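So the chains spell out like this:
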Amino acid sequence: MTAPHTTGTSGNSRLMDTPTGMAKRADFLAALDEALHEHQQQDTTLAVVLLNIKGFRTINSIYGYSAADRILQQMADRIESVRRQQDLAGHIGVDEFAVALLNLKSPHLAELAANKIITSLDEICLDDGSPIDIKLHAGIAVFPEHGSTSDALLQQADRAIYTARETYQDYQMADNSQQPDASNSGLVRELEHAITKSELELYYQPKVDLQHKHLYGAEALIRWNSPKRGFIGPDEFIPLAEDNGLIFPLTLWSLNTALRQSVEIRRLWPDFRMAVNLSASTLAEIELIELVKRALRTWDTRPDRLMIEVTESAVMKNPEASIETLRGLRKLGVRLSIDDFGTGYSSFGYLKQLPVHELKIDQSFVKGMASDVNDARIVQTMINLGENFELSVIAEGIEDEETLYQLTSMGCNHGQGYYIGRPMPREKFMDWVRNSEWTRTGLTEPSS
Ligand code: C2E
Ligand code: CA
Ligand code: CA
């Protein structure tokens, strides 16, 4: 059975209507909860397979909304054709399908089913019959091991998708041991302490000019080495800082530390441009402009020597306030970059309004481009887009020579990635600047 139509959401993206004729989120969840209730009574197993389409918004941008709708329709038809009669299926987010496998004899059968569904979605075609390589990741959560409500199961399946993506697998079973730490309050206090007691450190990763083959700048990336807990990555503590009122002092610290460091780097490389990341909540704060102005003054830095990176999804969280702040920053003369471009939910309409100078192509497209012609096409489209909007384009996540070469010949302006240089602590980065092939011409101090 498939449940009737309704309205649903997927992350930030609202699904007001589905072109697929499948159940929408709310109806799928209601039917799943009902099924869960029955399974509880009968003591049987049920599994939810959540499927996420990689980069669906980019498919929208490249092929247009109607073609993208027809792609979704084909996918829905395929899922319908392989699911068992008794199972529930839904199109529960713009880029998400879910199938609930009822009365399972064994949880392992869920993996077989996920595999079957993913295989059925091979060779999706455009209107002209040409195949389009759609990448999917699936997460599987089983009742009762991973949860006993529709919400809990979907949350676990969603987390499993994240793991599948990170480990380059088609699908992944949820893992109870990966529950987030519920006792965050201690960590928050330690983070507060870390900001004032300089347990934080900035690493610097080179950004290079691919066409002229020289250093262009660096991105400052924060690190926390806690004496108590060891190394904690920014993906873990930045959201914590955002949720606990610590993001402002943290941003103030990164901005000032990065600008102070860039004074030293410019002695070696006068055209150096320092990039600092800003997170979603600071972007909506108008005081941010004052804070940036003050930091530039303190470190006697020309505004165009500072680049601020904001993710596309951070802007989209609160587009109006973000655009206002970005306009204010641009007025100061600061350069602006849209980070993780291609993964957020901005439309061309917004892109036109964003007062930015640079598009930073997300590494998920860059990493795959040497082996996947569709990723390469998407990257080329973004480079062309940048050219048409008179924006400079940088690719992040360059991990090998082939990708570097490919991007250069595609006309990409700038590049960043492990192949060029990893994020490095201050001293190591200074050595890199002195000795790298990207600074062979133009150093203002003889290399040591
Ligand atoms: P991001 O801004 O997208 O930064 C790029 C991430 O990709 C960095 O991870 C970097 O180390 C990694 N990376 C760079 N080149 C490669 C490559 O070739 N291959 C692979 N696999 N990875 C590469 P990192 O340092 O863990 O930072 C994660 C995220 O944390 C950043 O993503 C950024 O959103 C956030 N972040 C880092 N520092 C700050 C900060 O000072 N303030 C704020 N608000 N956010 C920060
Ligand atoms: Ca960044
Ligand atoms: Ca990025």
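In the block above lies the structure referred to throughout.
Definitions and cut-offs
- Every chain is numbered independently, its residues counted from 1 as its sequence is written.
- Going through the entries in the order they are written, you letter the chains from A and number the ligands from 1.
- Per-residue local features are limited, in this predicted model, to residues with pLDDT of at least 70; the limit for side-chain atom pairs, both in listing and counting, is 80 or more; totals at the level of whole chains, interfaces and linings are taken over all residues.
- Only hydrogens and water are set aside; all other atoms, that is, all heavy atoms of the structure, feed into the side-chain values.
- DSSP-based pairing: two strands are paired if at least 2 bridges between them are found.
- Strands here are runs of E lasting at least two residues and helices are runs of H or I lasting at least four, both read from the DSSP assignment and numbered beginning at the N terminus.
- Orientation is described by axes fitted as lines to C-alpha atoms, over the contacting stretch for helices, and by angles from 0 to 180 degrees between their N-to-C directions.
- Two distance rules govern patches: like charges are joined within 9 Å, and nonpolar side chains (Val, Leu, Ile, Met, Phe, Trp, Tyr) within 5 Å, applied only to residues with over 30% relative accessible area and no salt bridge.
- With residues, only the protein chains shown are counted as cover, and all accessible areas are computed by Shrake-Rupley using a 1.4 Å probe.
- Criterion for a salt bridge: a side-chain nitrogen of Lys or Arg within 4 Å of a carboxyl oxygen of Asp or Glu.
- By the counting scheme adopted, Arg and Lys are positive, Glu and Asp are negative, and His together with the chain ends is not counted.
- To locate a charge, the coordinates of NZ of Lys, CZ of Arg, CG of Asp or CD of Glu are taken.
- In this description, a donor is an N, O or S atom within 2.8 Å of the metal centre, a cutoff extended to 3.2 Å for sodium, potassium and calcium. Water is not part of the atom list, which can make sites seem incomplete.
- Three exposure classes are used, based on accessible area relative to the maximum for each residue type with a 1.4 Å probe and protein chains only: buried under 20%, partly exposed in between, and exposed over 50%.

1. Remarks on the sheet that holds strand 8 (residues 136-143)
Part 1 of the argument: Read across the open sheet, the 5 strands follow the order 4-5-3-8-9; overall the sheet is mixed. The outermost strands of the open sheet, each flanked by one partner alone, are strand 4 (88-93) and strand 9 (171-173). Taken pair by pair, the neighbouring strands of this sheet meet at an average axis angle of 20°, ignoring direction.
Part 2 of the argument: The pairing of strand 4 with strand 5 (residues 96-104) spans 5 bridges and is classified as antiparallel. Within strand 5, the residue paired with His-91 across the bridge is Phe-97.

2. Here we look at a negative patch on the surface
Part 1 of the argument: Taken together, the side chains of Asp-122, Glu-123, Asp-133 and Asp-170 make up a negatively charged region of the molecular surface.
Part 2 of the argument: For Glu-123, the position within the fold is in the loop between helix 4 (108-120) and strand 6 (124-125).

3. Examining the coordination of the calcium ion (ligand 3)
Part 1 of the argument: For the calcium ion (ligand 3), the full set of protein donor atoms is Asp-339 (OD), Asp-340 (OD), Glu-396 (OE) and Glu-396 (OE), at a range of 2.2 to 2.7 Å.
Part 2 of the argument: Along the chain, the residues that donate to the calcium ion (ligand 3) are spaced as D-D-x55-E.
Part 3 of the argument: For the pair the calcium ion (ligand 3) and the calcium ion (ligand 2), the metal-to-metal distance amounts to 4.3 Å, and Asp-339 bridges them. Of this pair, Asp-340 sits in strand 15 (residues 335-341) while Glu-396 sits in strand 17 (residues 392-396), and the two are 56 residues apart along the sequence.
Part 4 of the argument: Accessibility expressed as a relative area gives 8% for Glu-396, which makes it buried.

4. A short note on the coordination of the calcium ion (ligand 2)
Part 1 of the argument: Coordination of the calcium ion (ligand 2) by the protein is provided by Glu-219 (OE), Asn-277 (OD1), Glu-309 (OE) and Asp-339 (OD), with metal-donor distances spanning 2.2 to 2.3 Å.
Part 2 of the argument: Going along the chain, you hit the donors of the calcium ion (ligand 2) in the pattern E-x57-N-x31-E-x29-D.

Nothing here speaks to function; it is all geometry.
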